[in-house]
Amino acid sequence: MRKLTYFVACSLDGFIGDETGDGSAMISFVDEEFLDFLKTEYPETLPTHGRRPLGIDDLANRRFDTIIQGRASYDLALKEGVTSPYAHLRQYVASRTLAESPDPDVEIVADDLLGKVRELKAEDSGLDIYLCGGSRIAGELFDEIDELVIKSYPIVYGTGMPMFGARFDIARFAFGGLRAFGNGAVVRTYARER
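The rules behind each value
Residues numbered from 1 in each chain as written. Predicted model: local features only at pLDDT ≥ 70, side-chain atom pairs only at ≥ 80, totals over all residues. Heavy atoms only, no water. Helix = DSSP H or I, 4+ residues; strand = E, 2+ residues; numbered from the N terminus. Rg over C-alpha atoms; globule rule 2.2 N^0.38 Å. Buried < 20%, exposed > 50% of the residue type's maximum accessible area, 1.4 Å probe, protein only. Contact = heavy atoms within 4.5 Å. Salt bridge = Lys/Arg side-chain N within 4 Å of Asp/Glu carboxyl O. Arc of directions from axis to C-beta. Polar contact = N/O pair within 3.5 Å; in protein donor to acceptor, adjacent residues only side chain to side chain. Pairing = 2+ DSSP bridges.

## So, the overall build of the chain
Line of reasoning, step 1. The helix and strand tally for the chain stands at 5 helices and 10 strands.
Line of reasoning, step 2. For 194 residues, the compact-globule estimate of 2.2 N^0.38 gives 16 Å, and the chain sits close to it at 16 Å.
Line of reasoning, step 3. Its C-alpha atoms give the chain principal-axis dimensions of about 45 × 40 × 35 Å.
Line of reasoning, step 4. Out of the 194 residues belonging to the chain, those deemed buried represent 47%.
Line of reasoning, step 5. Taking the intrachain contacts of the chain between residues at least 6 apart in sequence as the baseline, contacts between residues at least 24 apart amount to 69%.

## Side note on the pattern of salt bridges
Line of reasoning, step 1. One pass over the full model with this rule turns up 19 salt bridges.
Line of reasoning, step 2. A salt bridge links K3 to E147; its shortest N-O distance comes to 3.7 Å. Separated by 144 residues along the polypeptide, K3 in the segment before strand 1 (4–11) and E147 in strand 7 (residues 147–153) bring together distant segments of the chain.
Line of reasoning, step 3. The exposure class of K3 is partly exposed, given its relative accessible area of 32%.
Line of reasoning, step 4. According to the relative accessible area criterion, E147 is buried, its value standing at 17%.
Line of reasoning, step 5. When salt bridges that share partners are traced, they join R118, K121, E144, D146 and R194 into one network.

## A word on helix 1 (residues 32–41)
Line of reasoning, step 1. Three or more residues of helix 1 are buried, namely F34, L35, F37 and L38. In an axial view of helix 1, the angular spread of the buried residues amounts to 155°, which keeps them on one side of the axis.
Line of reasoning, step 2. Tucked inside the fold, the buried residues of helix 1 contact strand 1, helix 2 (48–54), strand 7, strand 9 (173–180) and strand 10 (186–192).
Line of reasoning, step 3. Put simply, D31 is the residue that caps the front of helix 1, since its side-chain oxygen is 3.3 Å from the backbone nitrogen of E33.

## Points about unusual backbone geometry
Line of reasoning, step 1. Even without being glycine, D112 reaches a positive phi, approximately 55°.
Line of reasoning, step 2. Owing to a relative accessible area of 57%, D112 belongs among the exposed residues under this scheme.

## Notes on the pairing of strand 7
Line of reasoning, step 1. In terms of burial, strand 7 is a largely internal element, 7 of the 7 residues being buried.
Line of reasoning, step 2. Because side chains alternate across strand 7, one face comprises the buried residues E147, V149, K151 and Y153, and the other comprises L148, I150 and S152, equally buried.
Line of reasoning, step 3. Across 7 bridges, the pairing between strand 1 and strand 7 is parallel. Considered in strand 7, the bridge of A9 is made with K151.

Structure follows, in structure tokens:
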């Protein structure tokens, strides 16, 4: 069974962005040291249109071969004219409002997102599924999340979009590791206790 991993950036107070979901204030913490970490450990989490200018478009996927993201996350790429932001992965966008995909490599999941995720998890693959966000689908898929990779940046929003935009029962996760960076960023991993 494949894992669904919520790989997410957040502030110290647990927000993935301001009240509109804009997390651009955290981008300044992606310095050379942090980018080297991403290139080495999670290269597939870097969007294709960002990999090409860095000369790393040929990096192999290490952990994921599939991405699921919400409409708001996908809209960030669309606003830049990018219809296939993760061309190196199978791409699914959860949206009830996007009538059809603007790209043949991006599949829209309008109904039964939970069923689609369970289907993807049951596939025979050596790589896992990257849940890119956002808050609402992370909340909707909370019971299916097997791993959390939380990139915490030394910034406080005070209010904003939470990591999980839904109510659910308390769940325990086991600590898996920590990586600290010179700029104050920290990456923590947790595995769900089932």
